[in-house]
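Listed here are the chains, written in short residue letters.
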Amino acid sequence: MTASTVLGGTHVANADEQASLAIYKLIHVPHSIPLGDANAITIDSASNRLIAIGIGRISAYDLKTEQLLHSAFYLAAPNNPEARKGFGLGYDVAFDARHNHIFVSVGGSGDKGSGRVQVYDGTTLAYVATLQGSDNEPLDNPGHIAVDATNDRILIQHKNDLELFDDSTLTYGHRLPP
């Protein structure tokens, strides 16, 4: 068996998984990049950046120079009109190079009952939008996010379903049937 360390845990591959595993590209994250409280990362390969989310924070690092490029703090707080732009505990992050958007799924213990997917500008890290589910209902504790650049859509794990969003308009598309 082979063990791989993942942020927040370890995955142990069985024999079948080992046979199908191949390293596409190994990315070295220098020790000088302080991931600290980061609980999810993604790579912007076109700009050679690592994007990390932590508790209420988005940070972008240059992988070549190992320097922090941008950091933005978006902590959600009660009685704060700007709170919907922020998050407490980001769960997953994805980067869309075509539209230069960073997607952060928010939910779980830090934001219980206020699940959503936040969209931020990939260059400035400024808040852009909040994705809503069907009938503009909030996504209840969304999970993983994937960018489907070929079909111009965002896929979001939501409970036991997969929700699809139009990547150009940031609007809800439909739910994939089980």
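None of these values were measured; they are calculated from a predicted model.

The next subject is the side chain of D96. By secondary structure assignment, the location of D96 is in strand 7 (residues 90–96). R98 is the oppositely charged side chain nearest to the buried, salt-bridge-free D96, at an N-O distance of 6.6 Å. With sequence-adjacent residues up to four places away left out, D96 is seen in contact with H101, F103, V147 and D167.

Take the nonpolar core next. A general tendency of soluble globular proteins is for nonpolar side chains to be buried together. Counting residues in each nonpolar core, the largest one holds 14 residues, and the members touching the most others are I58, F87, V93, I102, V104 and Y120. Mapped onto this core, the elements with two or more residues apiece are strand 4 (49–53), strand 7 and strand 8 (101–106). If you tally residues by element for this core, the top one is strand 8, at three residues. Within the second largest apolar cluster, 12 residues are counted, among which are A94, F103, I154 and F165.

Before going further, it helps to spend a moment on the side chain of D92. Of note, D92 is situated in strand 7. The buried charged residue D92 lacks any salt bridge partner; its closest oppositely charged side chain belongs to R49, at an N-O distance of 15 Å. Only 3.4 Å separates the side chain of D92 from the side chain of H144, close enough to count as a polar contact. At a separation of 2.9 Å, a polar atom in the side chain of D92 contacts the main-chain amide nitrogen of I145.

Here the focus is the environment of Y74. Residue position: Y74 is located in the loop between strand 6 (68–73) and strand 7. A relative accessible area of 18% places Y74 in the buried class. Once the C-alpha coordinates of Y74 and I58 are considered, the two residues, 16 residues apart in sequence, prove to be 7.9 Å apart.

What counts as what
Residues numbered from 1 in each chain as written. Predicted model: local features only at pLDDT ≥ 70, side-chain atom pairs only at ≥ 80, totals over all residues. Heavy atoms only, no water. Helix = DSSP H or I, 4+ residues; strand = E, 2+ residues; numbered from the N terminus. Buried < 20%, exposed > 50% of the residue type's maximum accessible area, 1.4 Å probe, protein only. Lys, Arg positive; Asp, Glu negative; His and termini not counted. Salt bridge = Lys/Arg side-chain N within 4 Å of Asp/Glu carboxyl O. Contact = heavy atoms within 4.5 Å. Core = buried A, V, L, I, M, F, W, Y, C linked by side-chain atoms within 4.5 Å. Polar contact = N/O pair within 3.5 Å; in protein donor to acceptor, adjacent residues only side chain to side chain.

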